[in-house]
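What the coordinates show
For reference, the chains in residue letters:
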Amino acid sequence: MKNTVILIFIIILFFSCVEKNDTANTPHSTANNSIMGSWKLVYADIRENDSIQIKDLSNTDFIKIINATHFAFFNQERGSSENYFAGGGTYVLDGTTYTETLDFINDTDFRGHEFPFNIEIKGDSLIQKGHEKVEAAGVDRYILEKYIRINTQH
């Protein structure tokens, strides 16, 4: 009987020390969140009214970094301190719906605004598309952005 009590105590102690990993109910879980990482924009188009503008990326670097709870983006003209643009905030990922809340940006019309996107990840590519609408800034456009994952392994 004494050995049984000791065995039960050890089993209870063991299970109380094991970390619970409930990935099914965690919106930013690592197991289901292959969006986390560093991404470089390689293609972007903006559809506004009846026109399409393809973003010229030949002289600029646009990087997006996504961790378990936040995102940040940086756009810098290569070889210059001009035309620097950045922002960041929190996000929620629900299936293929990725919604950014822009908390940090110098343009106050965009601050606090939510931007819902549909995303698709294929290998090392992230495709993001959605409707950006900010009435205060006069923005009402559809975007399509394609990123490649930046290899941060050395």
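Look above for the structure.
It should be emphasised that the depicted structure is a prediction, and the values quoted were computed from it without experimental measurement.

Turning next to the overall build of the chain. When you go through the chain residue by residue, the secondary structure sums to one helix and nine strands. When each of the 154 residues of the chain is scored for burial, the buried share is 29%. Long-range contacts, defined as pairs at least 24 residues apart, comprise 36% of the intrachain contacts of the chain with a sequence gap of at least 6. Total accessible area computed for the chain in this model is approximately 10400 Å², and 54% of it derives from carbon and sulfur atoms.

On to the environment of Phe117, then. Relative to the helices and strands, Phe117 resides in strand β7 (residues 113-122). Distance in space between the C-alpha atoms of Phe117 and Tyr98 is 5.1 Å, their sequence separation being 19 residues. Residue contacts for Phe117: discarding those within four places in its chain leaves Thr96, Thr97, Tyr98, Glu100, Gln128, Lys129, Gly130, Glu132 and Ile143.

A word on the pattern of salt bridges. Applying the stated criterion to the full structure yields six salt bridges. Asp45 is the partner of Arg47 in a salt bridge, and the nearest nitrogen-oxygen pair spans 3.5 Å. The exposure class assigned to Arg47 is partly exposed, which follows from its relative accessible area of 40%. Among the ionic pairs, Glu132 bridges to Arg141, the shortest N-O distance being 2.8 Å. On the basis of relative accessibility, which here comes to 12%, the residue Glu132 falls in the buried class. Salt bridges linked by common partners bring Lys40, Asp61 and Arg78 together as one network.

Now for the nonpolar core. If you look at the biggest cluster of nonpolar residues, it comprises 23 residues, and the most contacted ones within it are Ile35, Ile66, Phe71, Tyr91, Tyr98, Leu102 and Phe110. Elements supplying a minimum of two residues to this core: β1 (37-48), β3 (60-66), β4 (70-77), β5 (85-94), β6 (97-104), β7, β8 (125-134) and β9 (139-149).

Cut-off values and rules
Residues numbered from 1 in each chain as written. Predicted model: local features only at pLDDT ≥ 70, side-chain atom pairs only at ≥ 80, totals over all residues. Heavy atoms only, no water. Helix = DSSP H or I, 4+ residues; strand = E, 2+ residues; numbered from the N terminus. Buried < 20%, exposed > 50% of the residue type's maximum accessible area, 1.4 Å probe, protein only. Contact = heavy atoms within 4.5 Å. Areas by Shrake-Rupley, 256 points an atom, 1.4 Å probe, with all protein chains shown as cover. Salt bridge = Lys/Arg side-chain N within 4 Å of Asp/Glu carboxyl O. Core = buried A, V, L, I, M, F, W, Y, C linked by side-chain atoms within 4.5 Å.

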